[in-house]
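# Structure assessment
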Amino acid sequence: MSVKTPSKLEMILSKGHLAVTSECGPPRGSDPEAITKKAELIKDYVDAINITDNQTSMTRMCSLAACIRLKQMGLEPVLQMVTRDRNRIALQSDILGAASFDINNILCLSGDHQSFGDCAKGQNVHDIDSMQLIQTVRRMRDDGKFLGGDDIARPPRMFVGAAANPFADPFEIRVPRLAKKVNAGAEFIQTQCIYNLDKFEEWMKGVRDRGLHEKVAILAGLTPMKSAGMAKYMKNRVPGMDVPDAIVKRLSDTPKEKQADEGIKICVESIQRLKEVPGVKGFHIMAIEWEEKVPEIVEKAGLYPRPEV
Amino acid sequence: MIVGDQKPLEEIWEMIKNQKKVLVFGCNTCVAVCHTGGNKEAEILGSMLRMKAKQEGVDIDIKDSGIERQCEHEFYEKAMETLEWPDVVLSIACGVGVQFTAEKLGNKPVLPGLNTTFMGSVDSPGLFTEKCQGCGQCILAETGGICPVSRCAKRVMNGPCGGSTKGKCEINKELDCAWQLIVDRLKALGRLDDYEKLAPIKDWSNERSGGPRKIVREDLQV
Amino acid sequence: MGEQAVAVKEDVISTVEKPGEIPPEWEPKILAFACHYCAFAAADLAGVMRLSYPMNVKIIRLPCTGKLDHYHILRAFERGVDGVFVAG
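Below, the structure is looked at part by part.

What counts and what doesn't
- Residues numbered from 1 in each chain as written.
- Chains lettered and ligands numbered in written order.
- Predicted model: local features only at pLDDT ≥ 70, side-chain atom pairs only at ≥ 80, totals over all residues.
- Contact = placed C-beta atoms within 7 Å.
- Nonpolar A, V, L, I, M, F, W, Y, C, P; charged D, E, K, R; others polar.
- Pairing = 2+ DSSP bridges.
- Helix = DSSP H or I, 4+ residues; strand = E, 2+ residues; numbered from the N terminus.
- Axes fitted to C-alpha atoms, helices over the stretch in contact; angles between N-to-C directions.

## Focus: the interface of chain B and chain C
On the side of chain C, 6 residues touch chain B, which itself brings 7 residues to the contact. Across the side of chain B that touches chain C, the residue classes break down as 3 nonpolar, 1 polar and 3 charged.

## Here we look at the sheet that holds strand β5 (residues 110–112) of chain B
All names here are of chain B. Here 4 strands make up an open sheet; going across it, the order is β3-β2-β4-β5 and the pairing parallel. Of all the strands in the sheet, just β3 (61–67) and β5 have a single pairing partner and so form its edges. Ignoring strand direction, the axes of neighbouring strands in this sheet form an average angle of 25°. In terms of strand pairing, strand β2 (residues 21–27) meets β3 through 7 bridges, oriented parallel. Of the residues in β3, the one forming a bridge with Lys21 is Asp61. Together, β2 and β3 form the strand contacts of helix α3 (residues 39–56), whose direction differs from that of β3 by roughly 175°. Its contacts with the sheet place helix α5 (residues 95–105) against β2, β4 (88–91) and β5, and it is angled at close to 170° to β5.

## Comments concerning the packing of helix α9 (residues 245–252) of chain A against helix α10 (residues 259–275) of chain A
All names here are of chain A. Put simply, α9 and α10 touch, their axes get as near as 9 Å, and they point 145° apart. In this structure, α9 contributes Ile247, Arg250 and Leu251 to the contact, and α10 contributes Gln259, Glu262, Gly263 and Ile266. Its residues assigned to classes, the contact of α9 with α10 comprises 3 nonpolar, 2 polar and 2 charged.

## Thoughts on the interface of chain A and chain B
Listed by partner, the interface residues are 25 residues for chain A and 23 residues for chain B. Of all the elements in the fold, those that place two or more residues in the side of chain A that touches chain B are α5 (130–143) and α6 (174–184) of chain A. By residue number, the principal contributor to the side of chain A that touches chain B is α6 of chain A, which donates 5 residues.

## As for the sheet that holds strand β3 (residues 83–87) of chain C
Residue and element names in this part refer to chain C. With parallel pairing, 3 strands are arranged side by side in an open sheet as β2-β1-β3. At either end of the open sheet lies a strand with only one pairing partner, and these are β2 (57–62) and β3. The sheet shows a mean angle of 20° between the axes of neighbouring strands, direction not considered. Relative to β3, strand β1 (residues 30–35) is paired through 5 bridges, and the arrangement is parallel.

In structure tokens, the structure reads:
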């Protein structure tokens, strides 16, 4: 597999290693240490770090600035970009800004609806959707052209990713939807948090049946549960999340002080099982406000040390 | 049709309380169908405001009237005399009617009694839902007759987003996911293969973004 | 959620007008809308039978109470009626 960009993530995948990525949410303030400290905790255990873009529509430090901080630390950021807040001018402009700092990975998303966040009375943009953002970045990179058709001087060189939620409805179009993203130009996929492994494996079978696993690198998304309460919340309140009763029960049956450890254990077991699923090319570990646990998960899952490329 | 929602009585009262002669002016087409701005609603609102004025001990003369449509010249002909009388007109038409009445009346204030909400259908008595946003470039042929621009909270052209759960939208469990409906409809039409066609990046220049729109039909102009 | 709902309810209640003192002699003025074919016929029959009903009720005959509109009831209140009775 030849590489098309200077992305370290792409390089690792092309060499056949299981990739490990994680994510950091920028702070609700301007303190750069909020990002750099989180990054310090995990940097030796992951290949690239996603920076979320105003996740759950809560206003935060911008993803691009936080990515630049990571870049300055010599790390590999994945710029998450949602189509909720920017029109096509701003999206292309920010892509160029990121490219000027040699940020080489982008994850194209539509973003949570603004009603979940602190600006519920604001407008959303959605000039283009996530699928079209993938196309936009690919066009900018491969053709060196803006959407308007003009040439770009020094086009961005980004490895283009997208999200996939194998658990959202309708299930019958979950595989076709991935095919559509691949067709749009997605090169890697980071999935929604996986708790229902059976359903994920069923989805992966559908993915393999269409040969999509050979066209796109699928990184399985995992979020360790801190408590039974979190499991219940994820199950009942987070849209598009599939948490089986067995997981909730397992955590509920664990004494409160040991639930966090049990959550880590579940996460590690999941990785062990998913490693065996053909077509899974790596893991995206989203330890929400629990970044310090990422090294432990990576080590216990046998994914440490990370390869040098 | 255009659906409107009557403003709270208090808000309307604040707008008119310092006036002497107020005409509540109904529009008997779209907003009459949704029972908020028709001539009957003008009678009701007029009565409510008269009672409010009495309660507050304020002396205002409040009358009501209405025409068939506040967005066309012809319908005003017989109403111009009535419209002479008040100091202000409280129009309970949609925003189009309010503006058109204001243009007709020159320097007389015309106030809105409704919040114009959307273009929609009467799904069942008392239930109105949005169906179109007038984007100026209809894509219903591609989406099985269900509009993602008006019916998807993120107006995604290649949906559904990851928030679609059990056929409902992430923002509200009562709200159908437009893309679930599209997928269901494509399936019913035997066209599920079309789902994988990428929707082209939309030209929004025919929509609000392109500035106020107008259509000229020279063959109809006199 | 529950607490918030209760708070809103109390807030609404606090804005509702307190009822004034009712003088002992006071009687409400009642307006009755009666259908020609049933309720009004009954009132008629009561008259024939020399049954009396209170003086503070005035009856308006309608061909059918289906004709009754919001506006008729509101106009009654506007003009000082205290209660409206619809029978049909």
